Amino acid sequence: MEVLRSLDEARRRAGAVKDAGRRIGLVPTMGYLHEGHLSLMRLLRPRCHDLWVSIFVNPAQFGPAEDLDRYPRDLERDLALCEAEGVDAVLHPQPAEVYPPDHDTWVEPGRVAGLYCGASRPGHFRGVLSIVQRLFAWSRCNLAAFGAKDAQQLWLIQRMVRDLELPVEIVEGPVVREPDGLALSSRNVFLSPAERTAAGVLNRALARATQRLEEGAPPREALETALEAIRAQPQLELEYLHVADWATLASLAGWPADASLPVALPAEGERVVLLACRAGRTRLIDNRRAVVAPR
Ligand code: AMP
């Protein structure tokens, strides 16, 4: 396994692999790897010749009051995990090289980037799309894997690939969860034991809401028990909870009530129930999708 610490090393390897007619697969991460990340590597391993993982805590997607400095890091452990998954190259560039002082060009996402997580994290998805587009350019990957855990991010990346006609196939990996249903996240290490226990309610609330949707309940009703269950946990402070149309990400119902987009919504199709909450200083997000059949 090669560790690529400069962009020139990355460009050289990508050129050699592509010139040999071989396919590159990329798993972009911010490191502190867990089973969610490893599951994405396992998805791509059989589908490419050269499997890359990028480990880069991207300053451009953190707000000034966010946890960039305390984001967990353990490069040695991450490299060992990548090696064990049969990764061929780890791209670990330095922030100073990625963002030289005169760096001044960004990928500007559309209105969906201002909803849900984007409402409380202005500029977050602009930072995400901009680094993802550049990771694609450096690695020249044919495929890239992203987790359904970050549903809005996945949606916006798929839209960017379509709108900018980037020659990359996006592969979606399912959410990997703890036995009690909590979605794995690098930030879970910050949860106190009481917060960790309370966080188990999130997936149960989402599962209840998606079940109600699939039974035919109107979106507002489908959210009722989920809202109650989360609000009953004093350790959790809900930031948003919405049912959205997966095709457009427009809200069908939710809290707070200002996440709507002016589009006509189909009565059937795929829905996503999305939430974010705070447990102490830790921000948690999760989601589940539901298919609503025609009636
Ligand atoms: P991160 O390191 O948090 O930026 O995540 C890197 C990639 O791993 C993203 O595509 C995430 O959606 C994905 N990911 C993170 N947590 C999970 C999880 N619990 N299950 C599946 N994918 C995940």
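Rules of the game
Residues numbered from 1 in each chain as written. Predicted model: local features only at pLDDT ≥ 70, side-chain atom pairs only at ≥ 80, totals over all residues. Heavy atoms only, no water. Pairing = 2+ DSSP bridges. Helix = DSSP H or I, 4+ residues; strand = E, 2+ residues; numbered from the N terminus. Axes fitted to C-alpha atoms, helices over the stretch in contact; angles between N-to-C directions. Near = heavy atom within 4 Å. Polar contact = N/O pair within 3.5 Å; in protein donor to acceptor, adjacent residues only side chain to side chain. Areas by Shrake-Rupley, 256 points an atom, 1.4 Å probe, with all protein chains shown as cover. Nonpolar A, V, L, I, M, F, W, Y, C, P; charged D, E, K, R; others polar.

Asker: Can you help me understand the sheet that holds strand β6 (residues 169–173) in this one?
Answerer: By definition, the strands of a sheet pair up through backbone hydrogen bonds, in either a parallel or an antiparallel sense. One open sheet accounts for six strands, arranged β1-β4-β3-β2-β5-β6; its pairing is parallel. Each having just a single partner strand, β1 (2–4) and β6 make up the two edges of the open sheet. Along the sheet, successive strands turn relative to each other by an average axial angle of 25°, direction set aside. Bridge count for β1 against strand β4 (residues 89–91) is three bridges, and the pairing is parallel. By the bridge assignment, L4 is partnered in β4 with L91.

Asker: Please clarify how the site of the ligand should be interpreted in this entry.
Answerer: Neighbouring the ligand are 17 residues; H37, G147, D150, V176 and L184 lie closest to it. Between an oxygen atom of the ligand and a main-chain N or O atom of G147, the distance comes to 2.9 Å. Between a nitrogen atom of the ligand and a main-chain N or O atom of L184, the distance comes to 2.9 Å. When the free accessible area of the ligand is taken as 480 Å², the share hidden by the protein chains comes to 92%. For the shell around the ligand, the element with the most residues is helix α2 (residues 35–44), which contributes three residues. Classifying every residue of the shell around the ligand gives nine nonpolar, six polar and two charged.

Asker: Explain the sheet that holds strand β10 (residues 282–292) here, please?
Answerer: On the basis of which strands lie adjacent, the open sheet formed by four strands has the order β8-β7-β9-β10 and antiparallel pairing. The two strands at the open ends of the sheet, each matched to only one other strand, are β8 (251–255) and β10. With direction set aside, neighbouring strand axes in the sheet form an average angle of 15°. Where strand β9 (residues 269–279) lies against β10, 11 bridges are found, and the strand directions are antiparallel. Counted as the bridge partner of R278 is R283 from β10.

Asker: So what exactly am I meant to see when it comes to unusual backbone geometry here?
Answerer: Negative phi is the rule for most residues except glycine; trans is the rule for most peptide bonds. Looking along the chain, the bond that leaves W255 and enters P256 is cis, with omega of -10°. Tracing the backbone shows P256 in the loop between β8 and β9. Of note, the phi angle at L249 is positive, near 65°, even though the residue is not glycine. Looking at the element boundaries, L249 is found in the loop between β7 (236–245) and β8.

In short, shape yes, function no, at least from these values alone.
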